[in-house]
Amino acid sequence: MWLLLSCVLGYAWKLLGYLVPASVLRDPRMSRIAGTMTIGLLASLTVVNTVASGQTLALDARLGALAAAGIALVFRAPFLVVVIAGAGAAAGLRLLGWG
Amino acid sequence: MKLLQSPAVRVGLSISIATGLYGVSFGALSVTSGLDFWQTMALSLLLFSGGSQFAFIGVVAGGGSGVAAMGAATLLGMRNGIYGMQINALLQPRGWLRFAAAHVTIDESTATSTGQTDPLEQQRGFWTAGLGIFVLWNLFTAVGALAGAALGDPKQWGLDGAAVAAFLGLLWPRLKGREPVAIAVVCALATVLAVPFVPAGVPILVAAVVAAAIGWFSHGRSDEGLEPDVDPYAEHPHPRPSGDAT
């Protein structure tokens, strides 16, 4: 089961930081890759969830959700408010008949 | 009570409540992405890292395979290894405590701990945030999973829009400065270009490779993107000691 394997691997990363001698992991390049990859993955996940529908690109109500979330973040709204703004925008746009 | 006078405990508790609450959104999105209640709980109890958990269900919701979901979740968990190293250097947990500390090594517990200067406060901050979030995150995941299952058509409630907002919300605090924005834009473009050509879920891994290549070949700050999801000290500026063991 891929889900349980993900859990094992997730824990393995965490434990690695405690068990491997700091000198091995202190390589600034590894630390930098961990950082750039975090940004890249989150950006990619945002985009996939906004415009991908399986293997096709679709422009629909989810774009409104992205915009609403962006506005909420600019106004420093807490995470839960951002998520609710996204859901509300998508649901509202669909109610109006788009996407 | 004396413990509540500790600044690290107070920050740890407030961040536990704030973070724990949004376990509701994870629980609801997870069951609407197609996982069942216990699979959802397994992610929160065992994987226990918000970004990786959202990544897993984000790939599944988009029709991606289990392998691709695992890949995205695992790559996103790499930063926890770096956090583990920082906490190990700061707190030096011994024996079985080490294994417990590893499990609750996440963005928020690391940020709460490294934001303190006194070793005892660092210790208190780490454990308060780590254990507090673990308990509340799982509690609210269960609430969200039960509520999500009762909602019916997820699209009618805009839950796919909630997922979009959640990822942008996780990304946002890491976009401090020009370079992380550039990385995000390049990876977003790579994703869009890859979507029509590879199976669902794989575009995310393509973006990960692009991001890793940028990290490998460029020479920016070595902690770029490793600022945590939230800054628990945003309202009470605090001198931040360097987190590494040098």
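Residues numbered from 1 in each chain as written. Chains lettered and ligands numbered in written order. Predicted model: local features only at pLDDT ≥ 70, side-chain atom pairs only at ≥ 80, totals over all residues.

Student: What is the right way to read the overall build of chain A from this model?
Tutor: Within chain A, the secondary structure is distributed over five helices and two strands. Moving toward the C terminus, one meets the helices and strands of chain A in the order α-α-α-β-β-α-α. Over its C-alpha trace chain A gives a radius of gyration of 19 Å, far above what one expects of a compact globule, namely 13 Å for 99 residues. Along the first, second and third principal axes, the C-alpha atoms of chain A reach 60 × 35 × 20 Å. Classification of the 99 residues of chain A by burial places 53% in the buried group. (Helix = DSSP H or I, 4+ residues; strand = E, 2+ residues; numbered from the N terminus. Rg over C-alpha atoms; globule rule 2.2 N^0.38 Å. Buried ≥ 20, exposed ≤ 12 C-beta atoms within 10 Å, placed from the backbone.)

Student: Just to check I follow, could you spell out the packing of helix α3 (residues 28-51) of chain A against helix α5 (residues 66-76) of chain B for this structure?
Tutor: When two helices pack together, their arrangement is given by the angle between the helix axes and the distance between those axes. Viewed as axis vectors pointing N to C, α3 of chain A and α5 of chain B meet at an angle of 140 degrees, and their least axial separation amounts to 9 Å. Judged on the interaxial angle alone, α5 of chain B and α3 of chain A are oblique. Contacts between α3 of chain A and α5 of chain B involve Met37, Thr38 and Leu41 of chain A from the former and Ala72, Leu75 and Leu76 of chain B from the latter. Of the residues that constitute the contact of α3 of chain A with α5 of chain B, the class distribution is five nonpolar, one polar and no charged. (Axes fitted to C-alpha atoms, helices over the stretch in contact; angles between N-to-C directions. Parallel < 35°, antiparallel > 145°, perpendicular 65-115°, else oblique. Contact = placed C-beta atoms within 7 Å. Nonpolar A, V, L, I, M, F, W, Y, C, P; charged D, E, K, R; others polar.)

Student: How should α5 of chain B be read in this particular structure?
Tutor: At 3.6 residues per turn, the α-helix brings residues three or four places apart onto the same side. The element α5 of chain B is largely enclosed, with a buried count of nine among its eleven residues. Within the span of α5 of chain B, buried status applies to Ala68, Ala69, Met70, Gly71, Ala72, Ala73, Thr74, Leu75 and Leu76 of chain B.

Student: Whenever I open this one, the domain arrangement of chain A confuses me. Can you help?
Tutor: Here the domain parsing of chain A yields domain 1 (1-55) and domain 2 (59-99). One C-alpha centre belongs to domain 1 of chain A, the other to domain 2 of chain A; they are set 27 Å apart. (Domains from an automatic or database assignment.)

Student: I would appreciate a short explanation of the interface of chain B and chain A in the present structure.
Tutor: Contacts between the two partners involve 89 residues from chain B and, on the opposite side, 66 residues from chain A. If one sorts the elements of the side of chain B that touches chain A by residue count, helix α10 (residues 159-171) of chain B sits on top with 13 residues. Split by residue class, the side of chain B that touches chain A holds 55 nonpolar, 26 polar and eight charged.

Student: Please explain helix α5 (residues 79-95) of chain A as it appears in this structure.
Tutor: Residues and elements named next belong to chain A. Taking 1.5 Å of rise per residue, the 17 residues of α5 would be expected to cover 24 Å, and the 24 Å separating its terminal C-alpha atoms lies within 8% of that figure. Within the sequence span of α5, burial applies to Phe79, Val82, Val83, Ile84, Ala85, Gly86, Ala87, Ala89, Ala90, Ala91 and Leu93. In the segment just after α5, Gly97 is the residue with positive phi, at about 100 degrees. (Expected span 1.5 Å × (residues − 1).)

Student: Whenever I open this one, unusual backbone geometry confuses me. Can you help?
Tutor: Backbone geometry at Arg76 of chain A places phi at a positive 55 degrees, although glycine is not the residue there. In this structure, Arg76 of chain A sits in the loop between α4 (61-74) and α5. With phi around 40 degrees, Phe48 of chain B is a residue other than glycine that occupies positive phi space. Along the polypeptide, Phe48 of chain B turns up in the loop between α3 (37-47) and α4 (50-61). Exposure remark for Phe48 of chain B: the 25 C-beta atoms within 10 Å place this residue in the buried category.

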